[in-house]
Amino acid sequence: MGGPEVVAHRGASAERAEHTLGAYQVALDQGADALECDVRVTRDGHLVCVHDRRVDRTSTGRGVVSELTLGAMSRFDFAQWHHELPDSADDLVFEPRASPVGGKSQRRILTFDELLGLVRAQSRPVRLFAETKHPVRYGGLVEAKLTAALARHGVSAPAHKDDSPVVMMSFSAAAVRRFRANAPGVPTVLLFDRSSRVVRAGELPRWADLAGPSVRLLRQDPELAHRLAARGRDTYCWTVDDPADVELCRRAGVRFVATNRPGATRARLAGSLG
């Protein structure tokens, strides 16, 4: 492996509003190896890509995701808050460009099915890291819905985990265990921001394939990824934007770096490896 693979955290979210098709398209254009998203369940049972429990911060609407229908959220603008610069003067005059997936505006609520469809439509291999959020009103329903979505797209039972186009993640150990029981062939990441005796030893539960430490933990313990690798476990590190942290992850042997700046991070890694 030449260096860490670059995962676009909520898309190219430093340049476009997070979790919008525009953010993910920019990330793909910048050559991101993978995309990352957060998934929640709406009141009417749809999986949507939203980080927060509420939509207030990232849209023109208000309310809790689990109490809103997909139709209600479709009326909100999920890009206006970001105040991003338009690609051209035309964008100041005309409606936002239609997304190539489903014809929806790049500013509207993004469903998990749409994002997975975008990933599957690429002419090159691109992975999707999907984080289920907890605690939530519907408990394990989000993992059940995620498994069903993967089955609809024909990716719930990959021949080998290394070939899986989707990776499931969560800070909730119970969520990762539930998902593993439903889709044992899909790789999983246990996310964490606190160290423990088990983690420090480079160990993971058998139902977690990858370790998901924050970059803060990696700064405190730069040898963590090496200890995990010695036990056959790779590392996914979040959220890596600072050039010094990018270099730290490269030296530490991290396999996946989640970043809000996929273009800049790729350029930094290319320079380090050149």
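Note that the structure is predicted; figures quoted are calculated from it, not measured.

## Comments concerning the environment of Val-119
Within the secondary structure, Val-119 sits in helix α3 (residues 112-120). Once the C-alpha coordinates of Val-119 and Asp-38 are considered, the two residues, 81 residues apart in sequence, prove to be 15 Å apart.

## Here's the deal with empty space enclosed by the protein
One pass over the full model with this rule turns up two cavities of 30 Å³ or more. Of the voids in this model, the largest cavity is the one considered here, and its volume is about 60 Å³. Along the walls of the largest cavity sit Glu-18, His-19, Cys-49, Val-50, His-51, Thr-58, Phe-78, Arg-108, Ile-109 and Leu-110, which together make up its complete lining. Class assignment of the residues belonging to the lining of the largest cavity gives a composition of five nonpolar, three polar and two charged.

## Quick look at the layout of surface pockets
For the second largest pocket, the calculated volume is near 230 Å³. Lining the second largest pocket are 15 residues, with Arg-124, Pro-125, Val-126, Arg-127 and Pro-165 positioned closest to its centre. Of the residues in the lining of the second largest pocket, the class split is five nonpolar, two polar and eight charged.

## What about the packing of aromatic side chains?
One pass over the full model with this rule turns up three aromatic pairs. Ring centres of Phe-171 and Trp-238 lie 5.5 Å apart, and the angle between their planes is 85°; this geometry places the pair in the edge-to-face category. With Phe-171 in the loop between β5 (166-170) and α5 (173-182) and Trp-238 in the loop between β8 (234-237) and α9 (243-252), the pair connects residues that are 67 residues apart, well separated along the chain. Feature note: the residues Phe-129, Tyr-236 and Phe-256 constitute an aromatic cluster, connected by ring pairs. If you follow Arg-57 out to its NZ or CZ, it ends over the ring of Trp-81, 5.7 Å from the centre.

Rules of the game
Residues numbered from 1 in each chain as written. Predicted model: local features only at pLDDT ≥ 70, side-chain atom pairs only at ≥ 80, totals over all residues. Heavy atoms only, no water. Helix = DSSP H or I, 4+ residues; strand = E, 2+ residues; numbered from the N terminus. 1 Å grid on protein atoms, 1.4 Å probe; cavity = no way out; pocket = protein on both sides within 12 Å on 5 of 7 lines; lining within 4 Å. Points joined across faces, edges and corners; volume = space filled by probe spheres on them. Nonpolar A, V, L, I, M, F, W, Y, C, P; charged D, E, K, R; others polar. Phe/Tyr/Trp six-rings, centres within 6.5 Å; stacked < 30°, edge-to-face > 60°. Lys NZ or Arg CZ within 6 Å of the ring centre and 35° of its normal.

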